Each structure stands twice: as C-alpha cells, then as structure tokens.
Amino acid sequence: MHDRPRLRRLALLLPAGLLVAGCSSAVDVTVADGASDPLCTKASAAWPSTVSNQQRRDVSTGSASVRAWGDPAIIARCGVTSPGPTSRQCFGVSGIDWVGTPLSDGMSFVTYGRDPAIEVLVPKKYSPEPTVLGAFTRAAAAIPQGSHRCS
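Residues numbered from 1 in each chain as written. Predicted model: local features only at pLDDT ≥ 70, side-chain atom pairs only at ≥ 80, totals over all residues. Heavy atoms only, no water.

A. Quick peek at the overall build of the protein chain. From N to C terminus, the protein chain includes three helices and eight strands. Going from N to C terminus, the protein chain has its helices and strands arranged as α-α-β-β-β-β-β-β-β-β-α. Residues counted as buried form 41% of the 151 residues belonging to the protein chain. Within the protein chain, contacts between residues separated by at least 24 positions form 57% of all contacts whose residues are at least 6 apart in sequence. Of the roughly 8,700 Å² of accessible surface on the protein chain, 55% is carried by carbon and sulfur atoms. (Helix = DSSP H or I, 4+ residues; strand = E, 2+ residues; numbered from the N terminus. Buried < 20%, exposed > 50% of the residue type's maximum accessible area, 1.4 Å probe, protein only. Contact = heavy atoms within 4.5 Å. Areas by Shrake-Rupley, 256 points an atom, 1.4 Å probe, with all protein chains shown as cover.)

B. Seen up close, the nonpolar core. Formed by 26 residues in total, the largest nonpolar core has its most connected members in Trp47, Ile74, Trp98, Ile118, Val120 and Phe136. Looking at this core, the elements that each hand over two or more residues are α2 (38-44), β4 (74-80), β5 (89-93), β6 (96-103), β7 (106-111), β8 (117-123) and α3 (137-141). Ignoring anything within four residues of it in the chain, the contact list for Phe136 reads Trp47, Pro48, Val51, Trp69, Ile74, Ala76, Trp98 and Val120. Grouped together as the second largest cluster of nonpolar side chains are seven residues, Val27, Val59, Ala73 and Ile75 included. (Core = buried A, V, L, I, M, F, W, Y, C linked by side-chain atoms within 4.5 Å.)

C. Just the packing of aromatic side chains, in detail. For the coordinates displayed, the defined rule picks out four aromatic pairs. When the ring of Trp47 is compared with that of Trp69, the centres are 6.4 Å apart and the planes differ by 75°; the resulting orientation is edge-to-face. On the criterion of sequence distance, the pair formed by Trp47 in the loop between α2 and β1 (50-51) and Trp69 in strand β3 (residues 66-69) is long-range, its members being 22 residues apart. A ring pair is formed by Phe91 and Phe109, whose centres lie 6.0 Å apart and whose planes are at 85°; its orientation type is edge-to-face. (Phe/Tyr/Trp six-rings, centres within 6.5 Å; stacked < 30°, edge-to-face > 60°.)

D. The state of the cysteines, seen in detail. Within the structure shown, the criterion is met by two disulfides. Through a disulfide, Cys40 is tied to Cys78; the S-S separation comes to 2.2 Å. Here Cys40 and Cys78 share a disulfide; its torsion about the S-S bond, -85°, makes the bridge left-handed. Within this pair, whereas Cys40 is found in helix α2, its partner Cys78 is found in strand β4, the two being separated by 38 residues in sequence. (Disulfide = S-S within 2.5 Å.)

E. Spatial organisation of the pairing of β5. As defined by bridge partners, β5 adjoins β6 across five bridges and the pair is classed as antiparallel. Among the inter-strand pairings, Gly92 is bridged to a residue of β6, identified as Asp97. Count of turn residues in the β5/β6 antiparallel hairpin: two residues, of which Ser94 carries a positive phi of about 55°. (Pairing = 2+ DSSP bridges.)

F. Structural detail: the side chain of Arg77. Within the fold, Arg77 resides in strand β4. Side-chain polar atoms of Arg77 contact the backbone oxygen of Thr30, separated by 3.1 Å. Those residues in contact with Arg77 that sit more than four places away from it in its chain are Thr30, Val31, Ala32, Trp47, Ser65, Val66, Ala117, Ile118 and Glu119. (Polar contact = N/O pair within 3.5 Å; in protein donor to acceptor, adjacent residues only side chain to side chain.)

G. Here's a closer look at the sheet that holds strand β2 (residues 54-57). If you trace the eight strands from one edge of the open sheet to the other, you get β1-β2-β3-β4-β8-β7-β6-β5, paired in antiparallel fashion. Looking at the sheet topology across the chains shown, the edges are occupied by β1 and β5. Alignment of β1 against β2, held across two bridges, turns out to be antiparallel. Opposite Val51, over in β2, you have Gln54 as the bridge partner.

H. Looking closely at the side chain of Ser108. Topologically, Ser108 is positioned in strand β7. For Ser108, a relative accessible area of 8% puts it in the buried group. With near-sequence residues (within four places) excluded, Ser108 lies in contact with Val99, Gly100, Thr101, Leu103, Glu119, Val120 and Leu121.

These figures capture arrangement, not role.
Written out as structure tokens, the structure is:
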C-alpha cells in the first residue's frame, strides 16, 4: 500500500518518457568504414555550419565524421572508399573533384582522388544538387589530392 502513490507517479512519467524516446529528430546515418582515419578528423573539423542555408541537424551517431543539414537532410560522411577511374560524371567544384551518381531521390557525390574520400548525399529538394558542393570545399581540401583528377 505504501508504494501506490509512487506507482501512480511512475505511471504518469512513463508515457512521457516513451514519447520523448520515440520522437527523435536525429538523422539516421552510419559511420563510414574509414572514419577513424586521422585525415577524417581534420576534414570533420572543417564541416560547414550551414549548407544551402540549411542548419545543422543531430545525427544518430556520435562520430564527428558524419554530419547532416536541413530537412530532408543533406548528409556528409568522411571515410568512404575513394572511387577509382570511372565513366560516371566527374567534375570540379572550387578545386575539388567529385564523382556524381544519380539516386532515385537526389544525388550522391564522392570526392575523387582523395583518400579517404568524402561522400555527400543531396536530396532532389536542393536541385540542382551539385550547387551544394561548394560548402564542402574546406573539409575536402583537408584531405590531400592524389594523382587521380577529373579530366
């Protein structure tokens, strides 16, 4: 009988706790395999504060190698595998070479000739998608350019 008031308080608090836990606005992302590379630490320190006038959002991981901005989210990850020579669209933006791949809901861009590479996923909402890449120039430049370049 002494526990009945305590149980009532717990019953009132429990649904509120479940509501908060179930409504996370964090963007669900995975850390790239090479995210622990020291060059990703340098690149991550240069992530932009905004991208296409979109504010930074929380992500589901504590790794600084992954960031997101806006809704739907523009996602950047450091530590992905650098693409080899390719026939896909390759172009330079502010001195950084990128390989672009169309997706059903936007585009994926990966730095070309830099290891580890940075991947940027851009939803169609921000079309034309390559226009957001300039925001990532400082981060990508933190990783030295290798011998592969867009021709």
